[in-house]
Amino acid sequence: MQSPFLLENESAYQAWRSRKLENYPTHAAQLIVEVGDPRNLTQVEYEAILGRCRKTNMAVYAGTTGADPDKAIPRLLGKRLGLERLDCNMLADNDGLTSLKVVESSPRQGYIPYSNKPIKWHTDGYYNTPARQIWGLQLHCVQSSAEGGENALMDHEIAYLLMRDENPDFIRALMQPDAMTIPARVEEEGVARPDATGPVFSVHPKSGDLHMRYTARTRSIAWKQDAATLAAVAFLERLLGSDTPYIYRARLESGMGLICNNVLHDRAGFNDSPDKKRLLYRARYYDRIAGTGVSEVYGL
Ligand SMILES: [Fe+2]
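Residues numbered from 1 in each chain as written. Predicted model: local features only at pLDDT ≥ 70, side-chain atom pairs only at ≥ 80, totals over all residues. Heavy atoms only, no water.

K.L.:
Whenever I open this one, the coordination of the iron ion confuses me. Can you help?
P.N.:
Ideal coordination angles are 109.5 degrees for a metal with four donors arranged tetrahedrally and 90 or 180 degrees for a metal with six donors arranged octahedrally. Every protein donor of the iron ion is accounted for by His122 (NE2), Asp124 (OD) and His265 (NE2), and the metal-donor separations fall at 2.1 to 2.2 Å. Look at where the donors of the iron ion fall in the sequence and you get H-x1-D-x140-H. In this pair, histidine 122 is assigned in strand E4 (residues 119-122) and histidine 265 in strand E15 (residues 264-267), connecting sequence segments 143 residues apart. Grouping residues by exposure puts histidine 122 and histidine 265 together as buried. (Donors = N, O, S within 2.8 Å, 3.2 Å for Na, K, Ca; no water. Helix = DSSP H or I, 4+ residues; strand = E, 2+ residues; numbered from the N terminus. Buried < 20%, exposed > 50% of the residue type's maximum accessible area, 1.4 Å probe, protein only.)

Okay, here's the thing in structure tokens:
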């Protein structure tokens, strides 16, 4: 398998790289697709969303459902794009989606996703076991906050590309199976779990697709203490803190949503008001968006 994401495949990498960067969007507006009802996309709407996902691993849709809280809105859109196998965390609602909002009572109280605090750069499920890696992610906004709550977004394949261009040793370090450990019993989202040790970058053995586990958190994380890993992590931190045009910033308003192959993202802090209390649905999947695989898009 000639995945461009394996370091030994230099010519496949160069071929993928030049096509990836060709006409690569540099403004968040280019990610946005206006649709009618996300539960029932037209073929044109579907193709517009899919096309963006094939290029940047993400799309933002702006539908006409407003503050309609129907969970079928994200679920049916996800299904149309091939996202089916939901990851259900302990605090998910009964249907497997998670309602992200400010919660002032247990068990969610005290966990950052259920607060109005900023969330640092990460991919979702970075503490999941290898068997339960998150490949697909959706956010759907029912109600935006009175102010704040923007997301920054970066295609993880672009992060990989910029790191590999700078120094392939960064990639080698972050592909080590013990590069990043989230210690046991960290109570992020209230889930008790064993040590989660694994690489940052990994390549799916069959599809050749790239997966990324990452968090910019600085507490309760153990990076491999070798010079190469620490240099790679420092470079990635600088990249995510820079004003590169590859970082998009967008605020989801009522009826809008993000569908992506678990790209890097953060969230700004926000403030609710009595009639503008932020509510987002989140769905995590073991699937990538159908038709966006590296072999399907690039024929490698
Ligand atoms: Fe997230």
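K.L.:
Whenever I open this one, the pairing of strand E2 (residues 58-62) confuses me. Can you help?
P.N.:
It is a general feature of regular strands that their side chains alternate between the two faces of the sheet. By the criterion of burial, E2 is predominantly enclosed, with 5 of the 5 residues buried. Burial of E2 is two-sided: the residues Met58, Val60 and Ala62 facing one way and the residues Ala59 and Tyr61 facing the other way are all buried. In terms of strand pairing, strand E1 (residues 32-34) meets E2 through 3 bridges, oriented parallel. Following the sheet pairing, isoleucine 32 is matched in E2 by valine 60. Where the polypeptide runs from E1 across helix H2 (residues 43-56) and back to E2, its parallel neighbour, the crossover connection is right-handed. (Pairing = 2+ DSSP bridges. Right-handed = clockwise from strand over helix to strand, strands pointing away.)

K.L.:
What am I meant to see in the packing of helix H1 (residues 10-21) against helix H4 (residues 156-166) here?
P.N.:
Two measures define how a pair of helices packs: the angle their axes make with one another and the distance between the axes. Where H1 meets H4, the closest approach of the two axes is 12 Å, and the angle between their N-to-C directions is 125 degrees. By the angle between their axes, H1 is oblique relative to H4. Handedness of the crossing formed by H1 with H4: left-handed. Residues Glu10, Tyr13, Trp16, Arg17, Lys20 and Leu21 of H1 form the contact with H4, whose own contacting residues are Glu157, Ile158, Tyr160, Leu161, Arg164 and Asp165. Taken together, the residues that form the contact of H1 with H4 break down as 6 nonpolar, no polar and 6 charged. (Axes fitted to C-alpha atoms, helices over the stretch in contact; angles between N-to-C directions. Parallel < 35°, antiparallel > 145°, perpendicular 65-115°, else oblique. Left-handed = near helix turned anticlockwise from the far one by under 90°. Contact = heavy atoms within 4.5 Å. Nonpolar A, V, L, I, M, F, W, Y, C, P; charged D, E, K, R; others polar.)

K.L.:
Honestly, the pairing of strand E5 (residues 136-143) in this entry has me stumped. Any pointers?
P.N.:
Counted residue by residue, E5 has 8 buried out of 8 residues, so it is predominantly covered. Two elements, E5 and strand E17 (residues 279-285), share 7 bridges in a ladder whose sense is antiparallel. Bridge assignment links leucine 139 to a residue of E17, and that residue is arginine 282. Pairing of E5 with strand E14 (residues 256-260) involves 4 bridges; the strand directions are antiparallel. Bridge pairing in E14 links leucine 137 to cysteine 260.

K.L.:
Explain the packing of aromatic side chains to me, please; I cannot follow it from the model alone.
P.N.:
Each aromatic ring pair is described using two quantities: the centre-to-centre distance and the angle formed by the ring planes. Taken as a whole, this structure holds 10 aromatic pairs when the rule is applied. Relative to tyrosine 160, the ring of tyrosine 13 lies with its centre 6.3 Å away and its plane at 65 degrees, an arrangement referred to as edge-to-face. Residue tyrosine 13 is located in helix H1, and its partner tyrosine 160 is located in helix H4; the two are separated by 147 residues in the primary sequence. Classification of tyrosine 160 as buried rests on a relative accessible area of 0%. Positioned above the aromatic ring of tyrosine 13, the side-chain terminus of arginine 164 is 3.8 Å from the ring centre. When the ring centre of phenylalanine 270 is taken as origin, the NZ or CZ atom of arginine 278, which lies over that ring, is 4.9 Å away. (Phe/Tyr/Trp six-rings, centres within 6.5 Å; stacked < 30°, edge-to-face > 60°. Lys NZ or Arg CZ within 6 Å of the ring centre and 35° of its normal.)

K.L.:
Any chance you could explain the environment of aspartate 178 here in plain terms?
P.N.:
Within the secondary structure, aspartate 178 is located in the loop between helix H5 (168-174) and strand E8 (180-182). Using a relative accessible area of 35% as the deciding quantity, one classes aspartate 178 as partly exposed. When the C-alpha positions of aspartate 178 and lysine 224 are compared, they lie 6.6 Å apart, and in sequence the two are 46 residues distant. Discounting residues that sit within four places of it in the chain, aspartate 178 has contacts with Thr197, Gly198 and Lys224.

K.L.:
I'm lost on the side chain of asparagine 128 in this one. Help?
P.N.:
Residue position: asparagine 128 is located in the loop between E4 and E5. Residue class for asparagine 128 comes out buried when judged on its relative accessible area of 8%. Leave out the neighbours within four places in its chain, and asparagine 128 touches Asp87, Gln133, Ile134 and Ala196.

K.L.:
Help me out: how do you make sense of the pattern of salt bridges in this one?
P.N.:
If the charged atoms of two oppositely charged side chains come close together, the side chains can form a pair. Following the criterion strictly, the structure yields 15 salt bridges and no others. Close ionic contact of aspartate 68 with arginine 39 constitutes a salt bridge, the shortest N to O distance being 3.7 Å. Placement of the pair is aspartate 68 in the loop between E2 and helix H3 (72-80) and arginine 39 in the loop between E1 and H2, with a sequence separation of 29 residues. The exposure class assigned to aspartate 68 is partly exposed, which follows from its relative accessible area of 28%. One salt bridge in this structure joins aspartate 70 and arginine 39, with 2.7 Å as the shortest N-O distance. Placement of the pair is aspartate 70 in the loop between E2 and H3 and arginine 39 in the loop between E1 and H2, with a sequence separation of 31 residues. One network of salt bridges, with partners in common, ties together Asp37, Arg39, Asp68 and Asp70. (Salt bridge = Lys/Arg side-chain N within 4 Å of Asp/Glu carboxyl O.)

K.L.:
Looking at this model, I keep getting lost on the sheet that holds E15. Mind explaining?
P.N.:
Strand pairing in a sheet is mediated by backbone hydrogen bonds. Such pairs are either parallel or antiparallel. Pairing in this open sheet of 4 strands is antiparallel, and the strands run E4-E15-E7-E13 from one edge to the other. Among the strands making up the open sheet, the edge pair consists of E4 and strand E13 (248-250). Within this sheet the neighbouring strands show an average axis-to-axis angle of 15 degrees, counted without direction. In this structure, strand E7 (residues 151-154) lies alongside E13, joined through 3 bridges in antiparallel fashion. Bridging across to E13, leucine 153 finds its partner in tyrosine 248. Packed on one face of the sheet, H4 meets E7 and E15 and runs near 55 degrees to E7.

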